[in-house]
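# Notes for the structure review
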Amino acid sequence: MKQFFLASILAGALALPAVAADYTIIAPANPGGGWDQTARSIQTVMQEEGISSNVQVQNVPGAGGTIGLAQFASQSKGNANALIVGGYVMVGAILTNKSPVTLKDVTPIARLTGEYEAIVVPAASPLKTMGDLVEALKKDPGAVSWAGGSAGGTDHIAVGLIAKAAGVDPTKINYIAFSGGGEALAAILGNQVTAGISGYGEFEAQVKSGTLRLLAVSSAERLEGIDAPTIKEGGLDVVVENWRMIAAAPGLSDEQKAAVSADIEKLAKSAGWQETLKTKGWQDTYLAGDAFAEQLAKDISSTETVLKDIGLVQ
Amino acid sequence: MTKGNTPSNERRRPDRAALAIAVFLAGLAGLIFWDSSRLARINSYSGIGPSTIPFVIACGLLLLAAWTVFEALRGDFPERERQEIAPVVWIIGGLAAQMLLLKSFGFSIATGVLFAAAAAGFGRRKLWFTIPAGILLSLGIWLLFAGLLQLSLPAGPLEHLFW
Amino acid sequence: MSTFEFLLQGIVVAAQPMNLFYALIGVTLGTAVGVLPGIGPALTVALLLPVTYKLDPGGSLIMFAGIYYGGMYGGSTTSILLNAPGESASIVTALEGNKMARAGRGGPALATAAIGSFVAGLIATLALAFVAPFVVKLALVFGPREYFALMVLAFVTVSSAFGDSTLRGLTSLFIGFTLAIIGIDQLTGQARMSFGIPDLLDGIEVTTLAVAMFAIGEALYIAAQGDRGPDKIETVKGSVWMTGQDWARSWKAWLRGTAIGFPIGAMPAGGAEIGTFLSYAAEKRLTKHPEEFGNGAIEGVAGPEAANNASAAGTLVPLLTLGLPTTATAAIMLAGFQQYGLQPGPLLFATNPQLVWGLIASLLIANLMLLVLNLPLVGLWVKLLTIPKPWLYAGILLFATLGTIGANPSVFELGMLLTFGVLGYVMRIFGYPIAPVVVGLILGPLAEQQLRRALAISQGDVTVLFTSPIAAVLLAIAAAALIVPLILRARGRGEVLSQLAANED
């Protein structure tokens with residue numbers, strides 16, 4: 001794993017079109033985070049499955065991925081060997097950071113994995129069901145404090161959507177943003193807040209050991225192996241998925257785009273990738289082509305609406 | 001650094017540099033006031049919005065600026081040692097050169113220039129020797145850290161000879 | 001099997017010759033990368049983690065532990081020798097450690113750091129093994145208001161420990177606060193003091209600021225003295241090793257540092273830096289040689305280094321017992337554990353004892369290996385300082401920028417390094433202390449966020465800040481720490497105290 005960004009671009013530009021393309025994947029986050037892990041898993045699987053002989057990962061951290069996105073859009077134009085990992089968090093970050101570069105400036109290829117939001121309360125909480133929580137929220141929105149990730153992120157958006165669906169003014173929610181999942185989880189476990197919201201994986205161990213009570217998950221259907229209703233079942237039409245995707249550079253020809261899409265499809269269908277998903281506990285939510293484009297457009301517009309409702313975007 | 005702050009009996013004239021520091025602090029406070037005035041008023045149950053703490057900090061800076069003026073007029077600031085400008089210019093120039101050369105010329109050349117400029121700042125001005133030496137040293141470091149230890153350091157024409 | 005048997009079994013596995021070899025490689029690699037200023041253990045582990053994948057679980061776990069400890073120790077080495085802190089937790093080490101190195105006592109400084117790290121790591125890892133479940137219960141009692149009180153205490157103790165002029169110390173602190181505002185406000189997502197520059201949205205990187213102000217600022221200042229200073233630093237005065245007096249002064253500091261660092265590391269929002277600040281302040285208060293503080297007091301290296309390592313082990317308490325990654329390093333360790341099939345969480349000790357104890361045993365072995373590798377090297381490291389000044393400082397600048405480029409190869413980051421370097425230089429000219437700027441940048445945002453969270457949960461009721469017993473006690477200690485020196489000063493001892501509280505530079 002030699003991280004030679006410029007080297008590989010140069011090599012890529014000079015090399016004759018070969019059967020197996022070399023790729024450089026930008027992980028728009030620090031090493032260790034979700035996007036970085038996704039990028040590095042793609043790297044490993046692509047090389048092991050022979051989809052590409054040489055894959056580099058470069059970290060360009062910052063501002064919810066928008067810095068990496070901006071750099072990628074401007075420096076990789078027309079380069080079919082450049083890829084970037086991204087996700088739903090980017091959609092919100094682009095809006096709250098007023099980023100001049102958006103997902104329209106790159107070529108989204110496919111959604112690869114995703115995670116659903118889970119709503120939990122401490123085991124000692126008097127709230128037993130999602131219904132109880134919504135009741136409390138309706139009675140006094142300020143008295144229900146929600147612990148979750150950064151302001152304007154997936155967790156915050158989900159709470160805004162829940163409030164809206166329950167007929168509560170989304171600007172009145174008492175959302176307490178914590179940095180990183182760990183701190184929020186500590187606040188929930190320590191009974192500092194009413195409820196917690198985050199990706200299910202953050203809470204899984206605590207839910208299984210009984211220290212947290214899982215009230216609902218944000219998927220459309222009940223999830224396999226998770227004993228909890230969906231938010232939808234409680235009568236609130238809220239489905240939130242924190243997905244991760246891979247995108248290619250802007251300005252690609254149709255053939256180039258098709259070649260990248262084919263490689264990514266090969267990746268997503270490979271045994272190595274399925275194995276990786278299992279060990280990392282990621283859901284397989286592969287979605288490509290027009291279906292993904294449509295989903296993406298829907299997510300962007302609904303996110304913009306809810307961020308305006310919460311008051312984070314003017 | 002000099003051990004300052006011993007109350008001096010003779011009255012010195014107002015310390016201009018210290019007054020400049022006061023102006024800087026007040027300017028910083030003004031910048032914060034201006035910036036936080038543009039922030040959206042976000043309803044929060046804490047009663048403390050995103051602009052509250054910056055406002056408090058800016059007020060603190062204003063107080064410190066006033067205090068600095070007071071000490072400057074009393075001549076309470078410590079004596080300063082004479083500063084030579086040339087070495088400082090060499091080093092700052094070296095850092096700036098590295099910054100500008102890094103992307104296009106790669107790590108070794110950019111850092112080699114910095115190395116030579118820093119050495120020049122400390123009196124070794126034989127650039128015909130220090131620049132190549134710096135580039136060679138940087139290349140060795142690049143090979144060690146980027147090649148062996150997988151740190152991502154920008155590569156340029158020189159690095160491509162090896163990879 | 002009992003706890004003890006599990007641990008013994010783990011140690012037997014970890015002490016096999018092949019595993020010891022892996023530990024040695026891990027420590028060496030970790031030290032090599034961790035020694036770069038600005039690249040702390042988190043980044044070191046992230047960069048080198050793939051190296052461990054190729055080994056069997058036992059071997060990779062132990063190499064991983066080695067990389068982790070090596071990365072941590074590497075940071076202290078540059079702090080002491082080059083005044084360029086490798087990570088935020090070794091900033092305090094630079095204060096006294098570099099002064100010692102300049103006075104020809106770099107050997108004892110490195111040795112007390114290494115042995116202190118070892119002692120603290122040993123005690124804290126054993127504490128992790130035996131009292132983790134109790135410590136974690138205590139840590140969870142800490143909510144936003146308790147953290148806020150802890151920050152207030154940290155501010156008070158730290159500000160009293162730096163510098164000889166209240167005005168200049170406070171000014172430095174407020175410059176740190178101002179820098180801390182820059183970036184996205186965590187609680188509302190608003191961009192503050194960013195002026196539309198995307199690179200500023202994530203705020204100022206603590207290590208960039210520290211490396212710039214300490215290493216580059218100082219290089220500029222020394223260069224500006226021209227030929228006045230001596231051409232070489234006197235590298236070895238007395239023994240390269242610790243003398244009997246060094247030992248006598250160090251061991252209590254190690255133990256105190258461990259006692260301060262471990263619980264603070266175990267708190268989900270504690271952070272290793274805070275432990276080092278508190279330890280430094282404690283050592284300065286308790287020392288019999290106050291005149292040496294600011295000029296290279298060995299306690300000022302021994303205590304914070306022990307606190308740093310103890311709090312790193314403390315971080316593992318919430319990680320292993322709750323699956324809570326509370327620092328960047330812990331988050332990366334979590335990713336590493338998953339690679340070995342370890343799913344941290346409340347059930348881990350029950351469901352997967354072999355791996356947990358294997359990990360703890362690996363940490364103990366890696367800790368020992370670090371000492372074995374580094375103590376003999378102390379003499380060699382100290383020789384670095386015999387390099388003539390032009391080459392030495394050119395090298396310091398080279399490494400300072402290398403760390404920054406390696407962490408984030410962006411021109412903007414280098415620009416910040418230069419800007420803050422110049423700021424650090426100017427502040428030195430006028431006798432402003434540097435450390436409070438860094439303290440303000442680290443603690444400022446923590447205090448603000450915890451205060452706002454506490455008040456949001458209480459819906460604006462300020463009295464909650466005082467009604468929690470823990471918060472009340474912490475605030476009372478803070479008040480005492482602020483008032484007692486005032487009383488002492490009023491009694492006339494203050495004159496002596498402020499004379500002795502040596503200058504920053």
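What counts, and where the lines are drawn
Residues numbered from 1 in each chain as written. Chains lettered and ligands numbered in written order. Predicted model: local features only at pLDDT ≥ 70, side-chain atom pairs only at ≥ 80, totals over all residues. Heavy atoms only, no water. Helix = DSSP H or I, 4+ residues; strand = E, 2+ residues; numbered from the N terminus. Buried < 20%, exposed > 50% of the residue type's maximum accessible area, 1.4 Å probe, protein only. Contact = heavy atoms within 4.5 Å. Areas by Shrake-Rupley, 256 points an atom, 1.4 Å probe, with all protein chains shown as cover. Core = buried A, V, L, I, M, F, W, Y, C linked by side-chain atoms within 4.5 Å. Domains from an automatic or database assignment. Pairing = 2+ DSSP bridges. Phe/Tyr/Trp six-rings, centres within 6.5 Å; stacked < 30°, edge-to-face > 60°. Lys NZ or Arg CZ within 6 Å of the ring centre and 35° of its normal. Salt bridge = Lys/Arg side-chain N within 4 Å of Asp/Glu carboxyl O. Expected span 1.5 Å × (residues − 1). pLDDT = per-residue confidence, 0-100. Buried area = accessible area lost by both parts, 1.4 Å probe. Polar contact = N/O pair within 3.5 Å; in protein donor to acceptor, adjacent residues only side chain to side chain. Patch = residues over 30% accessible without salt bridge, like charges linked within 9 Å, V, L, I, M, F, W, Y side chains within 5 Å. Right-handed = clockwise from strand over helix to strand, strands pointing away. Axes fitted to C-alpha atoms, helices over the stretch in contact; angles between N-to-C directions. Parallel < 35°, antiparallel > 145°, perpendicular 65-115°, else oblique. Left-handed = near helix turned anticlockwise from the far one by under 90°. Nonpolar A, V, L, I, M, F, W, Y, C, P; charged D, E, K, R; others polar.

Across its full length, chain C holds 21 helices and 2 strands. Residues counted as buried form 68% of the 505 residues belonging to chain C. When contacts within chain C are restricted to residue pairs at least 6 apart in sequence, long-range pairs at least 24 apart make up 79% of them.

Per the secondary structure count, chain B includes 5 helices and 0 strands. Moving toward the C terminus, one meets the helices and strands of chain B in the order α-α-α-α-α. The buried share of chain B, reckoned over its 163 residues, is 48%. Of the contacts formed within chain B by residues at least 6 apart in sequence, a portion of 64% connects residues at least 24 apart. Accessible area for chain B stands at about 8200 Å²; split by element, carbon and sulfur atoms hold 68% of it.

Turning next to the nonpolar core. Generally speaking, nonpolar side chains in soluble globular proteins are found buried as a group. Counting 181 residues, the largest nonpolar core has Leu179, Ile204, Leu209 and Leu443 of chain C as the members making the most contacts within it. Composition of this core by domain shows at least three residues from each of domain 1 (16-74) and domain 2 (85-160) of chain B. Residues Tyr23, Met130, Ile157 and Ala177 of chain A belong to the second largest nonpolar core, which totals 85 residues.

With that out of the way, let us pick up the pairing of strand S1 (residues 23-27) of chain A. All names here are of chain A. Burial within S1 is extensive, with 5 of its 5 residues counted as buried. Residues of S1 alternate between two faces, with Tyr23, Ile25 and Ala27 on one and Thr24 and Ile26 on the opposite face, all of them buried. Examined bridge by bridge, S1 and strand S3 (residues 82-87) share 3 bridges and lie parallel to one another. The residue of S3 that forms the bridge with Ile25 is Leu83.

The next thing to look at is the environment of Ala147 of chain A. Residue and element names in this part refer to chain A. Mapped onto the elements of the fold, Ala147 is located in strand S5 (residues 145-148). In this structure Ala147 comes out as buried when scored by relative accessible area, which is 0%. Expressed as a C-alpha distance, the spacing of Ala147 and Ala184, which sit 37 residues apart in the sequence, is 5.5 Å. What Ala147 contacts, discounting residues up to four positions off in sequence, is Ile176, Phe178, Ala184, Ile188, Val193, Ala195, Gly196 and Ile197.

With that settled, consider the packing of aromatic side chains. As enumerated under the stated definition, the model contains 13 aromatic pairs over all chains in all. Taking 5.5 Å as the distance between ring centres and 55 degrees as the angle between the ring planes, the aromatic pair formed by Phe142 of chain C and Tyr147 of chain C counts as tilted. The pair formed by Phe142 of chain C and Tyr147 of chain C is uniform in burial state, with each residue classed as buried. Ring centres of Trp247 of chain C and Trp254 of chain C lie 5.7 Å apart, and the angle between their planes is 85 degrees; this geometry places the pair in the edge-to-face category. Aromatic ring contacts, followed pair by pair, group Tyr88, Trp243 and Phe292 of chain A into a single cluster. We note Arg453 of chain C situated over the ring of Phe178 of chain A; from NZ or CZ to the ring centre the distance is 4.3 Å.

Now for the environment of Phe430 of chain C. Along the chain, the position of Phe430 of chain C falls in the loop between helix H17 (411-429) and helix H18 (435-457). For the pair Phe430 of chain C and Arg168 of chain C, spaced 262 residues apart in sequence, the C-alpha to C-alpha distance is 9.0 Å. If near-sequence neighbours (up to four positions away) are discounted, Phe430 of chain C is found in contact with Ala17, Ile21, Phe77, Pro78 and Arg80 of chain B together with Arg168 of chain C.

All names here are of chain C. Evaluated as defined, the whole model comprises 21 salt bridges over all chains. Residue Glu218 is joined to Arg428 by a salt bridge in which the shortest nitrogen-to-oxygen separation is 3.4 Å. One end of the pair, Glu218, is in helix H9 (residues 206-224); the other, Arg428, is in helix H17, with 210 residues separating them in the sequence. For Arg428, a relative accessible area of 3% gives the class buried. Measuring nitrogen to oxygen at the nearest pair gives 2.9 Å for the salt bridge that ties Glu292 to Arg249. Here Glu292 is found in the loop between helix H11 (272-286) and helix H12 (299-322), whereas its partner Arg249 is found in helix H10 (residues 244-266), with 43 residues between them in sequence. The buried category is assigned to Arg249, whose relative accessible area is 11%. One continuous salt-bridge network, built from bridges that share partners, spans Asp185, Arg192, Glu448 and Arg452.

Its 19 residues place the ends of H17 of chain C 27 Å apart at the C-alpha level, agreeing with the 27 Å of an ideal helix rising 1.5 Å per residue. Positive phi appears at Gly431 of chain C, one or two residues downstream of H17 of chain C, with a value of about 75 degrees.

This part is about the confidence of the model for chain C. Residue and element names in this part refer to chain C. For chain C, per-residue confidence averages 79 on the pLDDT scale, and 82% of positions sit at 70 or higher. Mean pLDDT in chain C bottoms out at helix H21 (residues 493-500), which sits at 46, and peaks at H17, which reaches 91. Across residues 493-497 the pLDDT falls below 50, and counting only partners more than four positions away or on other chains, this stretch makes 4 contacts in the model. Low pLDDT (under 50) marks residues 499-505, which in the prediction has 23 contacts with non-local residues, meaning those over four places away or in another chain.

Attention now moves to the interface of chain B and chain C. Often the size quoted for an interface is simply the accessible area lost on bringing the parts together. Taken together, the contact pairs 67 residues of chain B with 74 residues of chain C. Interface area for chain B against chain C, summed over the two sides, is near 6500 Å², with a carbon-plus-sulfur share of 75%. Summed over the shared surface of chain B and chain C, the result is 0 salt bridges. Linking chain B with chain C are 5 residue pairs in polar contact (both at pLDDT 80 or more), by the criterion used here.

On to H11 of chain C. All names here are of chain C. Compared with the 21 Å implied by 1.5 Å per residue over 15 residues, the 21 Å span of H11 between its first and last C-alpha is a close match. The buried fraction of H11 is high, at 11 of 15 residues. Those residues of H11 not exposed but buried are Glu273, Ile274, Gly275, Thr276, Phe277, Leu278, Ser279, Tyr280, Ala281, Glu283 and Lys284.

All right, on to a nonpolar patch on the surface then. Residue and element names in this part refer to chain C. A cluster of nonpolar side chains, contributed by Phe4, Leu8, Leu122, Ile123, Leu126, Phe130, Val131, Phe134, Trp251 and Leu255, occupies part of the molecular surface with about 900 Å² of accessible area. Counting residues per element, the ones that place at least two in the nonpolar patch are helix H1 (3-14), helix H6 (106-141) and H10. With respect to the helices and strands, the residue Val131 is situated in helix H6.

Turning our attention to unusual backbone geometry. Positive phi, close to 60 degrees, is recorded for Asn191 of chain A, a residue that is not glycine. Among the secondary structure elements, Asn191 of chain A is positioned in the loop between helix H7 (180-189) and strand S7 (195-199). With phi around 55 degrees, Gln459 of chain C is a residue other than glycine that occupies positive phi space. Following the sequence through the fold, Gln459 of chain C ends up in the loop between H18 and helix H19 (464-467).

Turning next to the pairing of S5 of chain A. Across a regular strand the side chains alternate sides, sitting on one face of the sheet and then on the other. Residue and element names in this part refer to chain A. What you see with S5 is no split at all: Ser145 and Ala147 on one side and Trp146 and Gly148 on the other are buried throughout. Here 4 bridges tie S5 to strand S6 (residues 174-177), and the two strands are oriented parallel to one another. Within the sheet, the bridge partner assigned to Gly148 lies in S6 and is Ala177. Once the chain exits S5 it traverses helix H6 (residues 154-165) before rejoining the sheet at S6, and the crossover so formed is right-handed. Pairing of S5 with S7 involves 2 bridges; the strand directions are parallel. Each bridged residue has a counterpart across the sheet, and for Trp146 the counterpart in S7 is Ala195.

Residues and elements named next belong to chain C. Close contact between H9 and H17 brings their axes to 7 Å; oriented N to C, the two are set at 55 degrees. The angle between H9 and H17 places the two elements in the oblique class. As for the relative orientation of H9 and H17, their crossing is right-handed in sense. On the side of H9, the interface is formed by Thr208, Leu209, Val211, Ala212, Met213, Phe214, Ile216, Gly217, Glu218, Leu220, Tyr221 and Ala224, while H17 contributes Glu413, Met416, Leu417, Phe420, Gly421, Val422, Leu423, Gly424, Tyr425, Met427, Arg428 and Ile429. Considered class by class, the residues forming the contact of H9 with H17 number 17 nonpolar, 4 polar and 3 charged.

Our next topic: the confidence of the model for chain B. Per-residue confidence for chain B averages 82 on the pLDDT scale, and 88% of its residues sit at or above 70. With pLDDT under 50 throughout, residues 1-11 of chain B is counted as low confidence; its partners more than four residues away or in other chains account for 21 contacts.

Before going further, it helps to spend a moment on the packing of helix H5 (residues 91-102) of chain C against H6 of chain C. Contact geometry of H5 of chain C with H6 of chain C gives a least axis separation of 7 Å together with a crossing angle of 145 degrees. Contacts between H5 of chain C and H6 of chain C pair Gly97, Met100 and Ala101 of chain C from the former with Gly106, Pro108 and Ala109 of chain C from the latter.

As a further point, take the environment of Ala180 of chain C. Residues and elements named next belong to chain C. Note on placement: Ala180 falls in helix H8 (residues 166-181). With a relative accessible area of 16%, Ala180 lands in the buried category. Separated by 23 residues in the primary sequence, Ala180 and Gly203 have C-alpha atoms spaced 7.1 Å apart. For Ala180, the residues in contact, after removing those within four places along its chain, are Gly440, Leu441 and Pro445.

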